[in-house]
Amino acid sequence: MQFDPFVLIAPAGASVAFPNYDSLRHQVYSFSAAGPFELRLYGRDESRSVSFRNVGVIAIGCNIHDQMAAFIYVTDTPFAMKTGANGIADIAGVPPGRATLRVWHPYLRAPDSQIERPIVVPAGAMTQALEVGLRPPPHRRYSY
Amino acid sequence: MFKRLRTKLTVLYAGLFCIVLVLISAAAYAVAARQAQSQVRDQLVATGAVFDRLWQVRFAGLQEGAELSVRDYGFRQAVATGDAATVRSALQNLHRRLGADLVVLVPPEGGAINSEEESPLPLSAALKTALENDDALTGVLEVDGVLHQAVTAPVLAPNLLGWVVVGQRLDQEEMRSLEQLSPIPLHAVALSRLDGVWSAPGERLSVRDRGAVSTFINRAMSDRSARPESINVRGGRAVALVRPLRTLDGSRAVLFLSYPLALALANYRSLFEALIAVGVLGLALVAIGTWLLARGITRPISELETAARDLEAGEYAPVRVETSDEIARLALSFNAMIDAIKLRERRITDLALTDSETLLPNRLALERRLKTQDARDRRVFVAAIGIDRFEQVRSAIGYAHANALIARIGERLVHLSSRAPMGRLATDVLGVAFLAGDEGDARRRIAALQAKLEQPLSLDGQVVDIDVSVGVAAVEGEEAHVDRASIALDQARKARVKLAFFDSDSYGDPARNLSLMGEMRRALSRGEIRLAHQPKLDLRARRITGVEALVRWTHPSRGPLPPDLFISMAEETGNIRALTEFVLHQAVEDQSKLAAAGWPLAMSVNISGRLIGDRHFAKHAIEAVRGARHGFCFEITETAVIDNPKLALENIELFAAHSVQISIDDYGSGLSSLAYLKQLPAHELKIDKLFIQHLTDSKRDALLVRSTVDLAHGLGLKVTAEGVEQPACIALLAAMGCDMAQGYLISRPVPVHELLSILEDTHRMDFLGHTALRAGGEAA
Ligand SMILES: [Cu+2]
């Protein structure tokens, strides 16, 4: 049992649905300051939705199943992308000029698990390489 | 070191026993200590293993509680709020629920939120680093100087909200409960390293012990030793085991298990107590046994020693013999020796008190009995009974018979008074002690005794007449009574009486006179002894032609000493030679002095009978008179020649050969043997004054003198008359043809300077005037 996807990017104000396809019930919650919520137990083929108005990271868990964890990155920029398993994200259509590059990962070794970097976006394509360190996921003893 | 064999043996054996005992005890202790140590090591290892398991169980419990807690939805919600008060209340809740000593939340950004206090706990940065690498840690954590057994658990929602650290204090109480689990009462303490020193809060280790423990732990850690080792701490030797404890923050902590060896050895205490008891008992037995044995040996030896001392002191006490061992045999031999010595001594005493020739008691026996004589109201007298003419009797009847004779006389004495002390005093003298009321009584008793003793004796059918003279001395004080009785006997014989009592006046003081001899040399050198010359008158020439040199001694304290006394003493003591040599030298000197004054006189010197046989003296005398200017004459009594005629005659001939005239002195007083008169190469004969003194009164003496003068003249000798005191005598002598006269009429002996004045006194010889005619007439 696990949330899928593990990380979701959502624009601010968007409503995120948490459909339950398992044959058992879940109680989804988040204590994150940007959008705490709690969905009472709901069963199979039921879905609950939560809208996140504030920008921030919403850490989502299930009160029944400790190993279930997911993160919703609520942002107000349209230029947000999730990297692939290879760690590469190709963001298109960013207007040239000054910009702030933010890299976030739930286990990133950085304050708030996020790195900020001011960049100047050129007219053409650019490649920005960032090396990051990751913490081991918590509760290693339990398989996620 | 020890004067007594008993002590020596006892100390020796007890000492040996002690040494053996100490060795045994040491060996036993060593074995026991080894055993105890090895036991303790095993126990420590076992306990260490138990502790490990227990440790894990406790961790598991803590972990379970912590994990359950951090999954609690409410708790996570509270933590997620980020509100410190809320978080703290949540932690307090957890604290109560888990009953843990330590409940802390460590936020991801660092710091710590305590369940109890607002002030953040001084958690080390290392802990957070460790948590970031592994969020479910177990281990020891030091908080505020207190070690805790702690676990961590992450608070996930599901992102990491922080870590909860839950711990139990590892305080002494906790450790005691751990110790309870061990089968041996060991001491457990958890120690952490702080500033290089291993310490535990509340654990009161002394500075020295802390150092020792630290060193011990450091070594064990570096060796990764899991074996118990021994360590010296204040309480004594201990065996200790160090088990490293995993810590939460990577710092060092250990579990230190120790067990004092003394406690381990306590199990063996009964063994040691038994050893000591056996040792003390054994020592006492050995000491008593040795002492008794040694006493058994030494007591007879001591008794022997005492007996030997007694024997030395003259006491014959036999030793008691109780056993039958070597010492007893020694004692028996000793007793036998005592008996033998006693017997021998008695025999020696008997011999010493017996006259061997007659088997009568001897002088010593008599003297001994005199000492114990009890006189009561009467006086004790000692009589020395001398057998007269014993030498003649002995030569008549033979030696053996003479002894038998003495024995028989002794028997008579015993018969007369069986209990009277008696003894043989000399060859012909028997002594007997008797009691008498006074001297008269004693005289009567002795007379009666004499009468009985003088009865003729029959010896082997031969009748022997016996005459006895008796000297008696009264026993008074401690004087030598027997000696005095003997002297009294001599006095009786001299006086030709049958009985004499000791006369001390006539005896004089021999001891005092004897001391004179010691003074003689001094007297010679100091001039106390001088010569006096008596002139000799030549009756034909009517003048003094010679002198007789006489010796005089004026003693500084006793005055003039009688010449007879010191000359006879000198003869008896061997001083006569020195005296005579002095006289010779002095005479030579005086002669030359007189000659220098115009008086060339012949010098006569008396030569003692003791010296006449002395060859060395003879040579010396010749040498002395060799330088004499005028005639020298040696006057010799004829009795002097009798003792050793051969040597005497040789010397006299030697004198004559060296122009020394020889004069026969005191002729007529002795034996006046014609045989000697014939042999002696004499020049002069001096008629003894005994014949001259009564010459004018006694026809008999006159006849003797006249015939002697004729006899001497017939033999070619000149005649000198001695002791001339009256002028009539001179005349008679001149008429008889006597050549020389000497006597007080002419002059007493005088010193040389006085002699000179006499010689020069022309009237001195006036008395010759009356007699000259008669003498001349007679001679004509
Ligand atoms: Cu669930």
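Values in this document were obtained by computation on a predicted structure and should not be read as measured data.

1. A word on the packing of aromatic side chains
Following the criterion strictly, the structure yields 16 aromatic pairs over all chains and no others. Relative to W104(A), the ring of Y73(A) has its centre 5.4 Å away and its plane inclined at 45 degrees; by these criteria the two rings are tilted. Of this pair, Y73(A) sits in strand β7 (residues 69-75) while W104(A) sits in strand β8 (residues 97-104), placing them 31 residues apart in sequence. Between Y29(B) and F272(B), the ring centres sit 5.5 Å apart and the planes meet at 35 degrees, which makes this aromatic pair tilted. One end of the pair, Y29(B), is in helix α1 (residues 5-70); the other, F272(B), is in helix α8 (residues 269-313), with 243 residues separating them in the sequence. Given a relative accessible area of 17%, F272(B) falls into the buried group.

2. Looking at the coordination of the copper ion
Residues and elements named next belong to chain A. Protein coordination at the copper ion: the donors are H26 (ND1), C62 (SG) and H65 (ND1), at 1.8 to 2.3 Å from the metal. All donors to the copper ion come from one chain, and their sequence spacing reads H-x35-C-x2-H. Taken as a pair, C62 and H65 share a single burial class, namely buried.

3. Considerations on the pairing of strand β11 (residues 379-387) of chain B
Residues and elements named next belong to chain B. Within β11, eight of the nine residues are buried, which leaves the element mostly enclosed by the surrounding structure. With eight bridges joining them, β11 and strand β13 (residues 429-436) adopt antiparallel strand pairing. Bridged to R379 within β13 is A436. Strand direction decides the pairing type here: β11 and strand β16 (residues 468-474), joined by seven bridges, are antiparallel. Bridge pairing in β16 places A384 opposite G471.

4. Here's the deal with a nonpolar patch on the surface
Residue and element names in this part refer to chain B. Taken together, the side chains of L12, Y13, L16, I19 and L23 present a nonpolar region at the surface, about 500 Å² in accessible area. You can see L16 is positioned in helix α1. Overall, L16 belongs to the partly exposed group, its relative accessible area being 43%.

5. Section: the nonpolar core
Residues and elements named next belong to chain B. V605, F632, F634 and L733 are the most contacted members of the largest nonpolar core, which totals 85 residues. For this core, the element with the most residues is helix α18 (residues 576-596), which contributes eight residues. Excluding its chain neighbours within four sequence positions, the residues that come into contact with F632 are L584, A587, V588, Q591, M603, V605, V625, S659, V660 and Q661. Counting 55 residues, the second largest nonpolar core, distinct from the first, contains V40, L94, L170 and Y259.

6. Points about the interface of chain A and chain B
In this assembly, 20 residues from chain A lie in contact with 17 residues from chain B. When the two sides are added together, the surface that chain A and chain B hide from each other amounts to roughly 1,700 Å², 51% of it contributed by carbon and sulfur. Where chain A touches chain B, the interface holds two salt bridges. Linking R71(B) and D66(A) is a salt bridge whose minimum nitrogen-to-oxygen distance equals 3.1 Å.

7. With respect to the sheet that holds strand β8 (residues 229-233) of chain B
All names here are of chain B. Strand order in the open sheet made by the five strands is β7-β6-β10-β9-β8, with antiparallel pairing throughout. Either end of the sheet is taken by a strand with one partner, and the two such strands are β7 (197-199) and β8. With strand direction ignored, the average angle separating the axes of adjacent strands in the sheet is 40 degrees. Bridge analysis of strand β9 (residues 236-245) against strand β10 (residues 253-260) gives eight bridges, and the strand direction is antiparallel. Pairing of V239 across the sheet is with Y259, part of β10. Lying on the sheet, helix α5 (residues 172-180) is in contact with β6 (187-194) and β10; it crosses β6 at an angle near 135 degrees.

8. Side note on helix α17 (residues 563-573) of chain B
Residues and elements named next belong to chain B. All of the buried residues in α17 are F566, M569 and A570. Across the axial projection of α17, the buried residues extend over an arc of 100 degrees, all falling on one side. In α17, the exposed residues that point more than 90 degrees away from the buried face are D564 and E572. Immediately downstream of α17, the backbone of G574 shows phi near 85 degrees, a positive value.

9. Re the sheet that holds strand β3 (residues 138-143) of chain B
Residue and element names in this part refer to chain B. If you trace the five strands from one edge of the open sheet to the other, you get β2-β1-β5-β4-β3, paired in antiparallel fashion. Each edge of the open sheet carries a strand with a single partner, namely β2 (113-114) and β3. Relative to strand β5 (residues 160-169), strand β4 (residues 146-156) is paired through nine bridges, and the arrangement is antiparallel. In the strand pairing of β5, T152 is matched with V165.

10. Observations regarding unusual backbone geometry
The residue after D4(A), namely P5(A), is reached through a cis peptide bond having omega 5 degrees. When you line up the elements, P5(A) lands in the segment before β1 (7-11). With an omega dihedral of -15 degrees, the bond running from A157(B) to P158(B) counts as a cis peptide bond. The residue P158(B) is located in the loop between β4 and β5 in this model. For D45(A), which is not glycine, the phi torsion reads 65 degrees and is therefore positive. Positive phi, close to 55 degrees, is recorded for R496(B), a residue that is not glycine. Mapping R496(B) onto the fold places it in the loop between α14 (481-494) and β17 (499-501). Take R496(B): its relative accessible area is 76%, and that puts it in the exposed class.

11. With respect to the confidence of the model for chain B
Residues and elements named next belong to chain B. For chain B, the average pLDDT comes to 83, and 94% of its residues sit at 70 or higher. Confidence drops under a pLDDT of 50 for residues 772-780, and excluding neighbours within four residues, the segment shows eight contacts in the predicted structure. Prediction confidence for the complex, expressed as pTM and ipTM, is 0.46 and 0.82 respectively.

12. Focus: the pattern of salt bridges
All names here are of chain B. If you walk through the whole model with that rule in mind, you get 34 salt bridges over all chains. Across the salt bridge formed by R176 and E179, the nearest N and O atoms sit 2.7 Å from each other. One end of the pair, R176, and the other, E179, are both in helix α5, three residues apart, so they sit about a helical turn from each other. The class for E179 is buried, based on a relative accessible area of 10%. Residue K536 is joined to E684 by a salt bridge in which the shortest nitrogen-to-oxygen separation is 3.1 Å. You can see K536 sitting in strand β18 (residues 529-538) and its partner E684 sitting in strand β24 (residues 684-687), a full 148 residues away along the chain. Accessibility assignment for this pair places K536 and E684 in one class, buried.

13. Looking at the environment of M175(B)
Residues and elements named next belong to chain B. Looking at the secondary structure, you find M175 in helix α5. The class of M175 is buried, set by a relative accessible area of 2%. Sequence separation of M175 and V189 is 14 residues, and the distance between their C-alpha atoms is 6.3 Å.

14. Concerning the confidence of the model for chain A
Counting all residues, the mean pLDDT for chain A is 88, and 96% of those residues have values of 70 or more. Below pLDDT 50 for its whole length, residues 140-144 of chain A participates in 14 contacts with residues either more than four positions away or in separate chains.

Rules and cut-offs
Residues numbered from 1 in each chain as written. Chains lettered and ligands numbered in written order. Predicted model: local features only at pLDDT ≥ 70, side-chain atom pairs only at ≥ 80, totals over all residues. Heavy atoms only, no water. Phe/Tyr/Trp six-rings, centres within 6.5 Å; stacked < 30°, edge-to-face > 60°. Helix = DSSP H or I, 4+ residues; strand = E, 2+ residues; numbered from the N terminus. Buried < 20%, exposed > 50% of the residue type's maximum accessible area, 1.4 Å probe, protein only. Donors = N, O, S within 2.8 Å, 3.2 Å for Na, K, Ca; no water. Pairing = 2+ DSSP bridges. Patch = residues over 30% accessible without salt bridge, like charges linked within 9 Å, V, L, I, M, F, W, Y side chains within 5 Å. Areas by Shrake-Rupley, 256 points an atom, 1.4 Å probe, with all protein chains shown as cover. Salt bridge = Lys/Arg side-chain N within 4 Å of Asp/Glu carboxyl O. Core = buried A, V, L, I, M, F, W, Y, C linked by side-chain atoms within 4.5 Å. Contact = heavy atoms within 4.5 Å. Buried area = accessible area lost by both parts, 1.4 Å probe. Axes fitted to C-alpha atoms, helices over the stretch in contact; angles between N-to-C directions. Arc of directions from axis to C-beta. pLDDT = per-residue confidence, 0-100.

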